[in-house]
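Structural features, examined
One letter stands for each residue in the lines below.
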Amino acid sequence: MRHGHDADGEHTSSRRAFIRTSSVGMTAALVATSAAGAALAAPVSLVQEARVAGRPLAVTPACDGHETPAATEGPLFKPQSPERTDFLTPAVRGVQLDLSGIVYDTACKPLPGSLIEFWQCDQNGDYDTAGFSLRGHQYTNSRGAFRLRTIIPRDYWGRWGRRAPHIHTQVQAPGGPVLVTQLYFPDDTQAYGRNFAALNASDRLLNRACTITLAGPQGGYTGAFDFVIQTTAT
Ligand SMILES: [Fe+2]
């Protein structure tokens, strides 16, 4: 059973070193060649083609002017994270995820220079509360684009019950209000031997509109998600 969670509902053992689990489970997930994996072969190709051609990735949801839904921040945000686009370190051993997308305003205009914070738990469901592993911020480039190299987080037991795997984010256009939300994973995601469909179905905070478009898992996942945010306070 999982342990080490406090009344705040999330992880407490800030001094506990990140557990390095066997990579057997991860390897199994990466090399799995199930029907679900085969079905995702086409999106991998489309994503790669888009990259080669320098086109923005097709993402879900596409920008239709509807603001990305907000979600609770949770208790484990830490300010003053380092600026970086790569969360992978020797201590971070999980199913890799290359996540990218565009930040738009509600008129679907890309927003360069937008601040994006990401924070998430690791392959064991643990947040780093002592340091900044799997935490960081970055700014969108001249096309309003961002890219983050990270891992698929694991589910964990917290304040709101069992949480489906998710990545916390804050997004803010220059001078604009902060959108706080959480990103989720498709039901057929393969990582850590977990049943993402069941985890997603039982997470009462989950919002399907915030599901990352995923291609993989061979060689790690490629993910895409576009944000649509307000640029002025309403
Ligand atoms: Fe969380």
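Note: the structure precedes this text.
The paragraphs below set out a description of the structure included in this document. Please read these numbers as outputs of a predicted model, since none were measured by experiment.

What about the overall build of the protein chain?
Within the protein chain one finds four helices and 11 strands. Out of the 234 residues in the protein chain, the part that is buried amounts to 48%. Relative to all contacts within the protein chain whose residues are 6 or more apart in sequence, the contacts with residues 24 or more apart total 76%. Surface accessibility of the protein chain: about 10500 Å² in total, with carbon and sulfur atoms responsible for 55%.

Here we look at the side chain of Ser81
Topologically, Ser81 is positioned in the loop between helix H3 (41-52) and strand E1 (96-105). A relative accessible area of 5% means that Ser81 is categorised as buried. Among the polar contacts made by the side chain of Ser81, one reaches the side chain of Glu117 at a distance of 3.0 Å.

Side note on the nonpolar core
The biggest cluster of nonpolar side chains holds 34 residues, and the ones touching the most others in it are Ile152 and Phe227. Of all elements in the fold, only E1, strand E2 (115-119), strand E4 (145-151), strand E7 (166-172), strand E8 (178-184), helix H4 (196-202) and strand E11 (227-229) reach the threshold of two or more residues within this core. The residues contacting Phe227, other than those within four sequence positions of it, are Thr68, Ile102, Val103, Tyr104, Phe146, Thr169, Val171, Leu179, Thr181 and Leu183. Counting residues in each nonpolar core, the second largest holds five residues, with Trp119, Cys121, Tyr127 and Tyr156 among its members.

With respect to the coordination of the iron ion
Bound to the iron ion on the protein side are Tyr127 (OH), Tyr156 (OH), His166 (NE2) and His168 (NE2), at distances that span 1.9 to 2.1 Å. Here the donor residues for the iron ion map to a single chain with the spacing Y-x28-Y-x9-H-x1-H. Of this pair, Tyr156 sits in strand E5 (residues 156-158) while His168 sits in strand E7, and the two are 12 residues apart along the sequence.

Quick look at the sheet that holds E7
If you trace the four strands from one edge of the open sheet to the other, you get E3-E2-E7-E8, paired in antiparallel fashion. Two strands lie at the open edges of the sheet, namely strand E3 (135-139) and E8, each paired on one side alone. Along the sheet, successive strands turn relative to each other by an average axial angle of 20°, direction set aside.

What to know about the state of the cysteines
In protein chemistry, a disulfide is the covalent bond that joins the sulfur atoms of two cysteines. Scanning the model with the defined rule gives one disulfide in all. Across the disulfide, Cys63 is cross-linked to Cys108 (sulfur-sulfur distance 2.2 Å). Taking the sign of the S-S torsion, about -95° here, the bridge from Cys63 to Cys108 comes out left-handed. In this pair, Cys63 sits in the loop between H3 and E1 while Cys108 sits in the loop between E1 and E2, placing the two residues 45 residues apart along the sequence. With relative accessibility at 22%, the residue Cys63 sits in the partly exposed group.

About the criteria used
Numbering of residues begins from 1 in every chain and follows the order in which that chain's sequence is written. Given that the model is predicted, a residue must reach a pLDDT of at least 70 before its local features are reported, and side-chain atom pairs must reach 80 or more before they are shown or counted; all residues, however, enter totals for whole chains, interfaces and linings. By convention in this description, side-chain values take in all heavy atoms of the structure and omit both hydrogens and water. Helix and strand definitions follow DSSP, with helices as H or I runs of at least four residues and strands as E runs of at least two, each counted in order from the N terminus. The classification of residues rests on relative accessible area computed with a 1.4 Å probe and restricted to protein chains. Under 20% of the type maximum is buried, over 50% is exposed, and intermediate values are partly exposed. Contacts are residue-level and defined by heavy atoms, with any inter-residue pair within 4.5 Å sufficient. Using a 1.4 Å probe, accessible areas were evaluated by the Shrake-Rupley method; residue-level cover was limited to the displayed protein chains. Here a polar contact means two N or O atoms within 3.5 Å. Within protein one must be a hydrogen donor candidate and the other an acceptor candidate, and residues neighboring in sequence count only if both atoms are side-chain atoms. Remark: nonpolar core denotes a set of buried residues (Ala, Val, Leu, Ile, Met, Phe, Trp, Tyr, Cys) joined through side-chain atoms within 4.5 Å. Because no water is among the atoms considered, metal sites can look incomplete, with donors defined as N, O and S atoms within 2.8 Å of the metal, or 3.2 Å for Na, K and Ca. Here the rule is simple: two strands pair whenever DSSP picks up at least two bridges between them. Axis geometry follows a simple rule: fit a line to the C-alpha atoms, using only the stretch in contact for helices, then measure angles between N-to-C directions, giving values from 0 to 180 degrees. By convention in this document, the label disulfide applies to cysteine sulfur atom pairs within 2.5 Å.

So yeah, pure geometry; function would need other evidence.
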